[in-house]
Amino acid sequence: MEVLRAESISKIYCQNAVSLQALRSVSVTVQKGEFVAILGRSGSGKSTLLNILAGLDCPSEGKVYIDGTDIFNLSEEKRTLLRREKIGFVFQSYELLHSLSVMKNIRLPELKADDDYVKELLGTLEIGQYETCYPDQLSGGEQQRVAIARALVNHPPILFADEPTGNLDSKTERIVIDLLKNLAAKYGTSILMVTHNEELVKDADRMIRLEDGEIVNG
Ligand SMILES: Nc1ncnc2c1ncn2[C@@H]1O[C@H](COP(=O)(O)OP(=O)(O)OP(=O)(O)O)[C@@H](O)[C@H]1O
Ligand SMILES: [Mg+2]
């Protein structure tokens, strides 16, 4: 079953009268439970694509459908509601709230979150001991794992993760990938993950390679 479809997405950034084409007619479809890795050099458009597919930024051209709904045809308010219901997002720069504890950050998207599930996530990600700490008291890799837990807490059907293991050692990196793969298998979560580590995702269902804003393989 198809959960996401992007048709001919282009993105042109205009800044100080200079325009830059970050995406050129990119089309993608993602099935339920599919694990898709997005690869490409720095500046190739990976974060731009993820932001647009998740409805966080508008494309210059093209359409994005989530469960058949044209998300840029919705009001901002309706798009936010759809995002809250269907999407988890791990930002490249974490975007934790520094005035809130680890636990409050994680529960932010879902105050009614199931306690057992939150505990299980914290345990799997090996950050259980930091529940009451504040982000500034954690290392970069620990903050990254808090951001991963936050994105997963309300069981989103689609998870976008922008280099979610960029700051982790290889053992912890493996733990995160195995967690994501288990979620895809157990709950049918569709995962789109940007990474520079091709070895890590060699068993992904599919790899999308971006080069200069274009997909260079299927
Ligand atoms: N807000 C913005 N305004 C102007 N240009 C931007 C903006 N965001 C990104 N760009 C440009 O668009 C291109 C693609 O950027 P993007 O962040 O999508 O790359 P990336 O593949 O995620 O790179 P990295 O691996 O370094 O994270 C780059 O040339 C970048 O300079
Ligand atoms: Mg990026």
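Every value quoted in this text rests on a predicted model; they were computed, and no experiment measured them.

A. Expanded view of the site of ligand 1. Taken together, 15 residues sit near ligand 1, with Ser42, Gly43, Lys46, Ser47 and Thr48 positioned nearest. One of the backbone N or O atoms of Gly45 is found 3.1 Å from an oxygen atom in ligand 1. One nitrogen or oxygen atom from the side chain of Gln92 is found 2.9 Å from an oxygen atom belonging to ligand 1. Computed on the free molecule, ligand 1 has an accessible area of 630 Å², of which 66% lies beneath the protein chains in the complex. Elements with a minimum of two residues in the shell around ligand 1: β1 (2–15), β2 (18–31) and α1 (46–53). It is α1 that contributes the most residues to the shell around ligand 1, three residues altogether. The residue inventory of the shell around ligand 1, partitioned by class, reads three nonpolar, nine polar and three charged.

B. Highlighting unusual backbone geometry. Although it is not a glycine, Ser8 adopts a positive phi angle of roughly 50°. Here Ser8 is to be found in strand β1. Even without being glycine, Glu95 reaches a positive phi, approximately 55°. Along the chain, Glu95 falls in the loop between β6 (87–90) and α3 (102–107). Taking relative accessible area as the criterion, Glu95 reaches 43% and is therefore assigned partly exposed.

C. Inspection of the sheet that holds strand β4 (residues 61–66) at higher detail. Pairing in this open sheet of four strands is antiparallel, and the strands run β2-β1-β4-β5 from one edge to the other. Of all strands in the sheet, those with a lone pairing partner are β2 and β5 (69–70), marking the two edges. In this sheet, β5 lies alongside β4 in antiparallel orientation, the contact comprising two bridges. Bridge pairing links Ile66 to Thr69 in β5. Each of β1, β2 and β4 is contacted by α1, which is oriented at about 125° to β1, the strand it contacts most.

D. Looking closely at the coordination of the magnesium ion (ligand 2). Coordination sphere of the magnesium ion (ligand 2), protein contribution only: Ser47 (OG) and Gln92 (OE1), at 2.0 to 2.4 Å. Residue Ser47 is located in helix α1, and its partner Gln92 is located in the loop between β6 and α3; the two are separated by 45 residues in the primary sequence. Accessibility expressed as a relative area gives 23% for Ser47, which makes it partly exposed.

E. Quick look at the nonpolar core. Counting residues in each nonpolar core, the largest one holds 41 residues, and the members touching the most others are Ile106, Leu152, Leu180 and Met193. Going through the elements one at a time, β3 (35–40), α3, α4 (115–124), α5 (140–152), β7 (158–162), α6 (170–187) and β8 (190–194) are the ones with two or more residues in this core. Listed in part, the 27 residues of the second largest apolar core include Ala6, Ile38, Ile52 and Ala54.

F. Broad picture of the environment of Glu163. As for its position among the elements, Glu163 is in the loop between β7 and α6. Separated by 33 residues in sequence, Glu163 and Tyr130 have C-alpha atoms that sit 22 Å apart. Apart from residues no more than four positions distant in its own chain, Glu163 is found in contact with Lys46, Gln92, Gln144, Val194, Thr195 and His196. Side-chain polar atoms of Glu163 contact the side chain of Gln92, separated by 3.3 Å.

G. How the structure looks around the environment of Phe91. Following the sequence through the fold, Phe91 ends up in the loop between β6 and α3. Separated by 70 residues in sequence, Phe91 and Ala161 place their C-alpha atoms 6.5 Å apart. Other than its neighbours up to four places away in sequence, Phe91 contacts Leu56, Arg150 and Asp162.

H. Spatial organisation of the packing of aromatic side chains. Under the counting rule described, the total for this entry stands at three aromatic pairs. Note on Phe89 and Phe91: the rings are 4.5 Å apart at their centroids and 35° apart in plane angle, and the pair reads as tilted. Since its relative accessible area comes to 11%, Phe89 is described here as buried. Centre to centre, the rings of Tyr117 and Tyr187 are 6.4 Å apart; their planes meet at 80°, and the pair counts as edge-to-face. Of this pair, Tyr117 sits in helix α4 while Tyr187 sits in helix α6; the two residues are 70 residues apart in sequence, bridging distant segments of the chain. On the basis of relative accessible area, Tyr117 is assigned to the buried category, the value being 6%. Among the aromatic residues, ring-to-ring pairing joins Phe89, Phe91 and Phe160 into one connected group.

Calculation criteria
Residues numbered from 1 in each chain as written. Chains lettered and ligands numbered in written order. Predicted model: local features only at pLDDT ≥ 70, side-chain atom pairs only at ≥ 80, totals over all residues. Heavy atoms only, no water. Near = heavy atom within 4 Å. Polar contact = N/O pair within 3.5 Å; in protein donor to acceptor, adjacent residues only side chain to side chain. Areas by Shrake-Rupley, 256 points an atom, 1.4 Å probe, with all protein chains shown as cover. Helix = DSSP H or I, 4+ residues; strand = E, 2+ residues; numbered from the N terminus. Nonpolar A, V, L, I, M, F, W, Y, C, P; charged D, E, K, R; others polar. Buried < 20%, exposed > 50% of the residue type's maximum accessible area, 1.4 Å probe, protein only. Pairing = 2+ DSSP bridges. Contact = heavy atoms within 4.5 Å. Axes fitted to C-alpha atoms, helices over the stretch in contact; angles between N-to-C directions. Donors = N, O, S within 2.8 Å, 3.2 Å for Na, K, Ca; no water. Core = buried A, V, L, I, M, F, W, Y, C linked by side-chain atoms within 4.5 Å. Phe/Tyr/Trp six-rings, centres within 6.5 Å; stacked < 30°, edge-to-face > 60°.

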